[in-house]
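One-letter residues, chain by chain:
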Amino acid sequence: MTPLTHSQQITQNPLLGKSEVELTEWVQQQGQPAYRGKQLHEWIYQKGARSLSEISVFPKQWRAELEAVEIGRSTLHYRSPAADGTVKFLLRQTDGNIIETVGIPTEKRLTVCVSSQVGCPMACDFCATGKGGFTRNLATHEIVDQVLTVQEDFGQRVSNIVFMGMGEPLLNTDNVIKAVRCINQDIGIGQRLITLSTVGIPGYIRRLAEHHLQATLAVSLHASNQELREQLIPSAKHYPLTALLDECREYVQTTGRRVTFEYILLAGLNDRPEHAIELAKHLRGFQSHVNLIPYNPINEVDYQRPGPHRIQAFVEALKNFHIAVSVRRSRGLEADAACGQLRASQKKADG
Ligand code: SAH
């Protein structure tokens, strides 16, 4: 392997991601008074400082000495706004890798869809990110940076976070949990307004429950039986649907939080009323909520999105079994809405 040049290295031990206590320890190690830690915290998380030389409240001489210290922010590679206000960002990390982040505004909210990995190893058949392969986990600061970037771009406080960008968050559990704590405590977004979406990795939901986060767990089910799930999600072969659902039940018991089940609707494949009935039987008496996601077309496969009547029939079939259900509204369709699409089409355009 060729060694990375200095500018390509992943920033080591950057300041972003550290708490006020940790930043205070850091400034004290530099021979500065403790109150500089609070100032540093405010400049990083509230004022969006990208370099320490910007921090005008710090003494000039110290600022000059700090020039080489990295805060750990990404650079904007591409910005793609859609007519509905959604903005997709491609962000370049210090090692040159590019990730996708989306800002989704509604009347009262600004939601950020964050990535947890560069690419994804799960290779789900309907997913553009999965088609692109896996490169590496994101560091804590690279996750937190996405939230600050969207906040600054919109000039508005972010209200909600969904880990539904590139990657499988539970394969990067340690950094994701640190990022959730930072987003919660340092940026100030309530844990209940943060959603972790996972396809499910055996034993990992149990491990997550032990952290007693108040964040919402969303599980990508996408099928009402094992056979169908294996067709769509290769890793399902090693994780029976019943075992996944048992782990989710334990999660509800341990955390007291209900689980959301995501279910992509693929025309003619998993969208028939029988599928809804089969799904409802699995979820009877389960403190959960089903979020139906009409498929967002990607170039690599030719699944179809069902029409509105089909979607409504699926909703009604679930409601007959008293299952709480909602349909996700697609946002920013014209800008390669399915996650991983924009990065893939940009790569092509860049040659
Ligand atoms: N790896 C995690 C989180 C990333 S994907 C997970 O699997 O949950 C976030 C959600 O988008 C998942 O439910 C995923 O299955 C869904 N998704 C991926 N590709 C999609 C597409 N083309 N159309 C609709 N939803 C898609």
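Small disclaimer: the values here were computed from a predicted structure and weren't measured.

**Q** Where do I start with the overall build of the protein chain in this structure?
**A** Along the backbone of the protein chain there are 12 helices and 12 strands. The C-alpha radius of gyration of the protein chain comes to 21 Å, within 12% of the 20 Å expected for a compact globule of 351 residues. The principal-axis extents of the C-alpha atoms in the protein chain amount to approximately 70 × 50 × 45 Å. By residue count, 54% of the 351 residues in the protein chain fall in the buried class. In the protein chain, 67% of the contacts between residues at least 6 apart in sequence involve partners at least 24 apart. Surface exposure of the protein chain reaches about 16100 Å², of which carbon and sulfur atoms provide 50%. Each charge class in the protein chain can be summarised by its mean position, and for the 38 positive and 36 negative side chains these summaries are 4 Å apart.

**Q** Mind showing me how you'd approach the site of the ligand here?
**A** The immediate surroundings of the ligand are formed by 20 residues, with Phe 126, Ser 197, Ser 220, His 222 and Asn 296 found nearest. Within the contact set of the ligand, a nitrogen atom lies 3.0 Å away from a backbone nitrogen or oxygen of Phe 126. Here a nitrogen atom of the ligand and a side-chain polar atom of Glu 168 are 3.1 Å apart. Protein coverage of the free-state accessible area of the ligand, which is 540 Å², stands at 92%. For the shell around the ligand, the secondary structure elements donating two or more residues are β8 (194-198) and β10 (259-265). By residue class, the composition of the shell around the ligand is 11 nonpolar, 7 polar and 2 charged.

**Q** Please clarify how the packing of aromatic side chains should be interpreted in this entry.
**A** Given two aromatic rings, their pairing is described by the distance between the two centres and the angle made by the two planes. For the structure shown, the criterion picks out 5 aromatic pairs. Relative to Phe 286, the ring of Phe 261 has its centre 5.3 Å away and its plane inclined at 90°; by these criteria the two rings are edge-to-face. Of this pair, Phe 261 sits in strand β10 while Phe 286 sits in the loop between α10 (273-283) and β11 (288-294), and the two are 25 residues apart along the sequence. As far as burial versus exposure is concerned, Phe 261 and Phe 286 are alike and both buried. Members of the aromatic cluster, joined through ring pairs, are Trp 26, Phe 58 and Trp 62. Positioned over the ring face of Trp 43 is Lys 47, at 5.2 Å from the centre of the ring. A cation over an aromatic ring shows up here: Arg 207 above the ring of Tyr 204, its NZ or CZ 5.2 Å from the ring centre.

**Q** What am I meant to see in the domain arrangement of the protein chain here?
**A** A common measure of how large an interface is: the accessible area buried when the components associate. Once the domains are mapped, the protein chain shows domain 1 (6-65) and domain 2 (75-350). The distance between the C-alpha centroids of domain 1 and domain 2 comes to 33 Å. Taken together, the contact between domain 1 and domain 2 spans 17 residues of the former and 14 residues of the latter. Buried surface at the junction of domain 1 and domain 2, summed over both partners, amounts to about 1200 Å²; 53% is from carbon and sulfur atoms. Linking domain 1 to domain 2 there are 1 salt bridge. Across the pair Arg 50 and Glu 152 runs a salt bridge whose closest N-O atoms are separated by 3.6 Å. Inspection of the region where domain 1 meets domain 2 yields 1 residue pair in polar contact (both at pLDDT 80 or more).

**Q** Any chance you could explain the confidence of the model for the protein chain here in plain terms?
**A** When pLDDT is low, close inspection of the predicted coordinates is not appropriate. Per-residue pLDDT for the protein chain averages 92, and the proportion of residues at 70 or more is 92%. Segment residues 1-8 is flagged for pLDDT under 50; beyond a separation of four residues in sequence, or across chains, it makes 4 contacts in the model.

**Q** Can you help me understand the sheet that holds strand β4 (residues 110-113) in this one?
**A** Each strand in a sheet pairs with its neighbour through backbone hydrogen bonds, running either in the same direction (parallel) or in the opposite one (antiparallel). Within the open sheet, the 10 strands sit side by side as β1-β2-β3-β4-β7-β8-β9-β10-β11-β12. Their pairing is mixed. On the outer flanks of this sheet lie β1 (75-81) and β12 (325-327), each paired with one strand and no other. In this sheet, neighbouring strand axes are inclined to one another by 20° on average, regardless of whether the strands run parallel or antiparallel. Taken together, the 6 bridges between β1 and strand β2 (residues 87-92) define a ladder with antiparallel strand orientation. Across the sheet, Thr 75 pairs through a bridge with Arg 92, a residue of β2.

How each quantity is defined
Residues numbered from 1 in each chain as written. Predicted model: local features only at pLDDT ≥ 70, side-chain atom pairs only at ≥ 80, totals over all residues. Heavy atoms only, no water. Helix = DSSP H or I, 4+ residues; strand = E, 2+ residues; numbered from the N terminus. Rg over C-alpha atoms; globule rule 2.2 N^0.38 Å. Buried < 20%, exposed > 50% of the residue type's maximum accessible area, 1.4 Å probe, protein only. Contact = heavy atoms within 4.5 Å. Areas by Shrake-Rupley, 256 points an atom, 1.4 Å probe, with all protein chains shown as cover. Lys, Arg positive; Asp, Glu negative; His and termini not counted. Charge placed at Lys NZ, Arg CZ, Asp CG, Glu CD. Near = heavy atom within 4 Å. Polar contact = N/O pair within 3.5 Å; in protein donor to acceptor, adjacent residues only side chain to side chain. Nonpolar A, V, L, I, M, F, W, Y, C, P; charged D, E, K, R; others polar. Phe/Tyr/Trp six-rings, centres within 6.5 Å; stacked < 30°, edge-to-face > 60°. Lys NZ or Arg CZ within 6 Å of the ring centre and 35° of its normal. Domains from an automatic or database assignment. Buried area = accessible area lost by both parts, 1.4 Å probe. Salt bridge = Lys/Arg side-chain N within 4 Å of Asp/Glu carboxyl O. pLDDT = per-residue confidence, 0-100. Pairing = 2+ DSSP bridges. Axes fitted to C-alpha atoms, helices over the stretch in contact; angles between N-to-C directions.

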